[in-house]
Amino acid sequence: MHSCGVAGILFFYLQLAAVVMHLSRAIPVEGGSYQWIKAGFSPLAGYLAAWNIGLYVVAAFGTIGPQLVNSVAYASGPGGAWMMNSTPLLVGTGVACLASVWAINVRGLHWGGS
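Since we're looking at a predicted model, the values are computed, not measured.

Caption draft 1: Structural detail: the overall build of the protein chain. Helix and strand counts for the protein chain stand at five helices and zero strands. Over its C-alpha atoms the protein chain spans a radius of gyration of 20 Å, topping by over 25% the 13 Å that the globule rule assigns to 114 residues. Its C-alpha atoms give the protein chain principal-axis dimensions of roughly 55 × 45 × 25 Å. Within the protein chain, the proportion of its 114 residues that are buried is 11%. Considering only intrachain contacts with a sequence separation of at least 6, the fraction spanning at least 24 residues in the protein chain is 27%.

Caption draft 2: Expanded view of the packing of aromatic side chains. Scanning the model with the defined rule gives two aromatic pairs in all. For the ring pair Phe12 and Tyr13, a centre distance of 4.9 Å and an interplane angle of 80° mean the geometry is edge-to-face. Judged by centre distance (6.4 Å) and plane angle (65°), the rings of Tyr47 and Trp51 are edge-to-face. Taken as a pair, Tyr47 and Trp51 lie in helix α3 (residues 43–62) at a separation of four residues, close to a single helical turn.

Caption draft 3: Spotlight on the environment of Gly54. Checked against the element boundaries, Gly54 lands in helix α3. A sequence separation of 14 residues divides Gly54 from Gly40, and the C-alpha atoms of the two residues are 20 Å apart.

Caption draft 4: Structural detail: the packing of helix α2 (residues 33–40) against α3. Axis separation between α2 and α3 bottoms out at 7 Å; the angle between their running directions is 155°. One way to sum up the angle between α2 and α3 is to call them roughly antiparallel. Relative to α3, α2 is oriented so that their crossing is right-handed. Touching Ser33, Tyr34, Ile37 and Lys38 of α2 are Pro43, Ala45, Gly46, Tyr47, Ala49, Ala50 and Ile53, all from α3. Each residue belonging to the contact of α2 with α3 can be placed in one class, and the counts come to eight nonpolar, two polar and one charged.

Caption draft 5: Quick look at helix α4 (residues 64–76). Along its 13 residues, α4 runs 18 Å from first to last C-alpha, staying within 8% of the 18 Å computed at 1.5 Å per residue. Considered for burial, the residues of α4 that qualify are Gly65, Val69 and Ala73. Down the axis of α4, the buried set is contained in an arc of 65°. They therefore lie on one face. Exposed residues on α4 whose side chains face more than 90 degrees from its buried face are Tyr74 and Ala75. Downstream of α4 by a residue or two, Gly77 has a phi angle that is positive, lying close to 80°.

Criteria and cut-off values
- Residues numbered from 1 in each chain as written.
- Predicted model: local features only at pLDDT ≥ 70, side-chain atom pairs only at ≥ 80, totals over all residues.
- Heavy atoms only, no water.
- Helix = DSSP H or I, 4+ residues; strand = E, 2+ residues; numbered from the N terminus.
- Rg over C-alpha atoms; globule rule 2.2 N^0.38 Å.
- Buried < 20%, exposed > 50% of the residue type's maximum accessible area, 1.4 Å probe, protein only.
- Contact = heavy atoms within 4.5 Å.
- Phe/Tyr/Trp six-rings, centres within 6.5 Å; stacked < 30°, edge-to-face > 60°.
- Axes fitted to C-alpha atoms, helices over the stretch in contact; angles between N-to-C directions.
- Parallel < 35°, antiparallel > 145°, perpendicular 65-115°, else oblique.
- Left-handed = near helix turned anticlockwise from the far one by under 90°.
- Nonpolar A, V, L, I, M, F, W, Y, C, P; charged D, E, K, R; others polar.
- Expected span 1.5 Å × (residues − 1).
- Arc of directions from axis to C-beta.

So, in C-alpha coordinates, the structure goes:
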(Lines give C-alpha, C1' and ligand atoms only; values in the text may rest on other atoms or scores of the structure.)
Protein backbone atom coordinates (compact mmCIF):
# COMPACT_ATOMS: atom_id res chain seq x y z
CA MET A 1 0.00 0.00 0.00
CA HIS A 2 1.29 3.44 -0.88
CA SER A 3 2.02 6.01 1.80
CA CYS A 4 -0.84 8.18 0.46
CA GLY A 5 -3.28 5.32 1.10
CA VAL A 6 -2.02 4.88 4.65
CA ALA A 7 -2.19 8.64 5.23
CA GLY A 8 -5.75 8.69 3.89
CA ILE A 9 -6.76 5.93 6.27
CA LEU A 10 -5.07 7.57 9.27
CA PHE A 11 -6.09 11.16 8.65
CA PHE A 12 -9.53 10.76 7.07
CA TYR A 13 -11.28 7.42 7.39
CA LEU A 14 -10.53 6.73 11.05
CA GLN A 15 -11.74 10.21 12.06
CA LEU A 16 -14.79 9.86 9.82
CA ALA A 17 -15.65 6.52 11.44
CA ALA A 18 -15.24 8.03 14.92
CA VAL A 19 -17.51 10.99 14.09
CA VAL A 20 -20.19 8.78 12.55
CA MET A 21 -20.15 6.42 15.54
CA HIS A 22 -20.37 9.37 17.94
CA LEU A 23 -23.21 11.09 16.06
CA SER A 24 -25.19 7.88 15.57
CA ARG A 25 -25.11 7.33 19.33
CA ALA A 26 -25.77 10.99 20.24
CA ILE A 27 -28.57 11.53 17.70
CA PRO A 28 -30.06 8.10 16.93
CA VAL A 29 -32.52 9.11 14.19
CA GLU A 30 -33.00 7.90 10.64
CA GLY A 31 -31.64 10.24 8.00
CA GLY A 32 -27.96 10.24 8.86
CA SER A 33 -26.02 13.35 7.96
CA TYR A 34 -29.18 15.27 6.96
CA GLN A 35 -30.65 14.86 10.44
CA TRP A 36 -27.34 15.52 12.20
CA ILE A 37 -26.75 18.74 10.27
CA LYS A 38 -30.36 19.80 10.76
CA ALA A 39 -30.12 19.25 14.53
CA GLY A 40 -26.66 20.79 14.87
CA PHE A 41 -27.04 23.84 12.64
CA SER A 42 -30.47 24.56 11.16
CA PRO A 43 -33.18 23.07 8.96
CA LEU A 44 -31.85 25.12 6.02
CA ALA A 45 -28.35 23.67 6.48
CA GLY A 46 -29.84 20.16 6.58
CA TYR A 47 -31.85 20.87 3.44
CA LEU A 48 -28.77 22.16 1.61
CA ALA A 49 -26.75 19.14 2.74
CA ALA A 50 -29.44 16.77 1.46
CA TRP A 51 -29.46 18.52 -1.93
CA ASN A 52 -25.67 18.42 -2.06
CA ILE A 53 -25.64 14.69 -1.37
CA GLY A 54 -28.42 14.09 -3.90
CA LEU A 55 -26.64 15.99 -6.67
CA TYR A 56 -23.40 14.19 -5.88
CA VAL A 57 -25.12 10.81 -6.18
CA VAL A 58 -26.61 11.72 -9.56
CA ALA A 59 -23.21 12.93 -10.80
CA ALA A 60 -21.38 9.88 -9.45
CA PHE A 61 -23.86 7.28 -10.69
CA GLY A 62 -24.23 9.11 -14.00
CA THR A 63 -20.64 8.23 -14.84
CA ILE A 64 -21.09 4.51 -14.23
CA GLY A 65 -22.69 3.91 -17.65
CA PRO A 66 -19.85 5.40 -19.72
CA GLN A 67 -17.29 3.66 -17.50
CA LEU A 68 -19.05 0.36 -18.07
CA VAL A 69 -19.11 0.91 -21.84
CA ASN A 70 -15.44 1.91 -21.79
CA SER A 71 -14.51 -1.25 -19.87
CA VAL A 72 -16.45 -3.52 -22.21
CA ALA A 73 -14.96 -1.75 -25.26
CA TYR A 74 -11.45 -2.18 -23.88
CA ALA A 75 -12.03 -5.83 -23.00
CA SER A 76 -13.44 -6.48 -26.48
CA GLY A 77 -10.21 -5.39 -28.13
CA PRO A 78 -10.02 -3.57 -31.45
CA GLY A 79 -13.49 -4.81 -32.45
CA GLY A 80 -15.05 -2.94 -29.52
CA ALA A 81 -13.63 0.48 -30.36
CA TRP A 82 -16.93 1.55 -31.94
CA MET A 83 -18.64 1.42 -28.54
CA MET A 84 -16.90 4.54 -27.24
CA ASN A 85 -18.05 6.47 -30.33
CA SER A 86 -21.69 5.40 -30.06
CA THR A 87 -23.66 8.17 -28.39
CA PRO A 88 -26.89 6.11 -28.17
CA LEU A 89 -24.99 3.27 -26.43
CA LEU A 90 -23.30 5.63 -23.96
CA VAL A 91 -26.48 7.56 -23.14
CA GLY A 92 -28.61 4.42 -23.02
CA THR A 93 -26.21 2.65 -20.68
CA GLY A 94 -26.02 5.72 -18.43
CA VAL A 95 -29.81 6.03 -18.28
CA ALA A 96 -30.16 2.29 -17.63
CA CYS A 97 -27.68 2.48 -14.74
CA LEU A 98 -29.44 5.48 -13.17
CA ALA A 99 -32.85 3.82 -13.64
CA SER A 100 -31.66 0.59 -12.04
CA VAL A 101 -30.22 2.43 -9.02
CA TRP A 102 -33.48 4.39 -8.72
CA ALA A 103 -35.58 1.19 -8.92
CA ILE A 104 -33.46 -0.54 -6.28
CA ASN A 105 -33.80 2.47 -3.97
CA VAL A 106 -37.56 2.69 -4.44
CA ARG A 107 -37.91 -1.01 -3.71
CA GLY A 108 -35.71 -0.61 -0.65
CA LEU A 109 -37.91 2.21 0.62
CA HIS A 110 -40.97 -0.04 0.28
CA TRP A 111 -39.24 -2.80 2.26
CA GLY A 112 -38.14 -0.36 4.96
CA GLY A 113 -41.58 1.20 5.29
CA SER A 114 -43.49 -2.03 5.87
